[in-house]
Amino acid sequence: MQWISVKEKLPEQNCWVLVSTNMGIGIAQYNQVFTEWGYVSLTSLRQSTVIKILHWAELPEAPAGDFDPDAGGFQKQVKLY
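Residues numbered from 1 in each chain as written. Predicted model: local features only at pLDDT ≥ 70, side-chain atom pairs only at ≥ 80, totals over all residues. Heavy atoms only, no water.

Engineer: Residues and numbers for the confidence of the model for the protein, please.
Structural biologist: Taken as a whole, the protein shows an average pLDDT of 80; of its residues, 74% reach a score of 70 or greater. Confidence, read as mean pLDDT per element, is least for strand S4 (residues 36-42) in the protein (83) and greatest for strand S1 (residues 4-5) (97). (pLDDT = per-residue confidence, 0-100. Helix = DSSP H or I, 4+ residues; strand = E, 2+ residues; numbered from the N terminus.)

Engineer: Outline the sheet that holds strand S5 (residues 53-58), supporting the account with residue identities and numerical values.
Structural biologist: Two strands in a sheet stick together by hydrogen bonds in their backbones, pointing the same way (parallel) or opposite ways (antiparallel). Here we have five strands laid out as an open sheet, ordered S1-S5-S2-S3-S4, and antiparallel in their pairing. This sheet does not close on itself; its edge strands, each paired only once, are S1 and S4. With five bridges connecting them, strand S2 (residues 16-21) and S5 associate as antiparallel partners. Its bridge partner being in S5, valine 19 is matched across the sheet by tryptophan 56. (Pairing = 2+ DSSP bridges.)

Engineer: How would you summarise the side chain of glutamine 29 if you had to cite specific residues and measurements?
Structural biologist: Relative to the helices and strands, glutamine 29 resides in strand S3 (residues 24-31). Given the relative accessible area of 4%, glutamine 29 is considered buried. Within the structure, glutamine 29 has its side chain in polar contact with the backbone oxygen of asparagine 14 (distance 3.2 Å). (Buried < 20%, exposed > 50% of the residue type's maximum accessible area, 1.4 Å probe, protein only. Polar contact = N/O pair within 3.5 Å; in protein donor to acceptor, adjacent residues only side chain to side chain.)

Written as structure tokens, this is what we have:
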């Protein structure tokens, strides 16, 4: 896994990524149309009205055999539109 600075590059439209913020690590989705981050969820219990995303990384593949497409679970990237 490689962390990418948001100053260098931003993720593709509507894909879930790991994020490193000023408040901790979590997951988020980037919206290229509105050029903003949405659905940010941090692993820490800290609460803040200002979360600054500094780096992001692609989610790793799930271990072989874990994903069951018939179970209705989440996939690596969830398209909302």
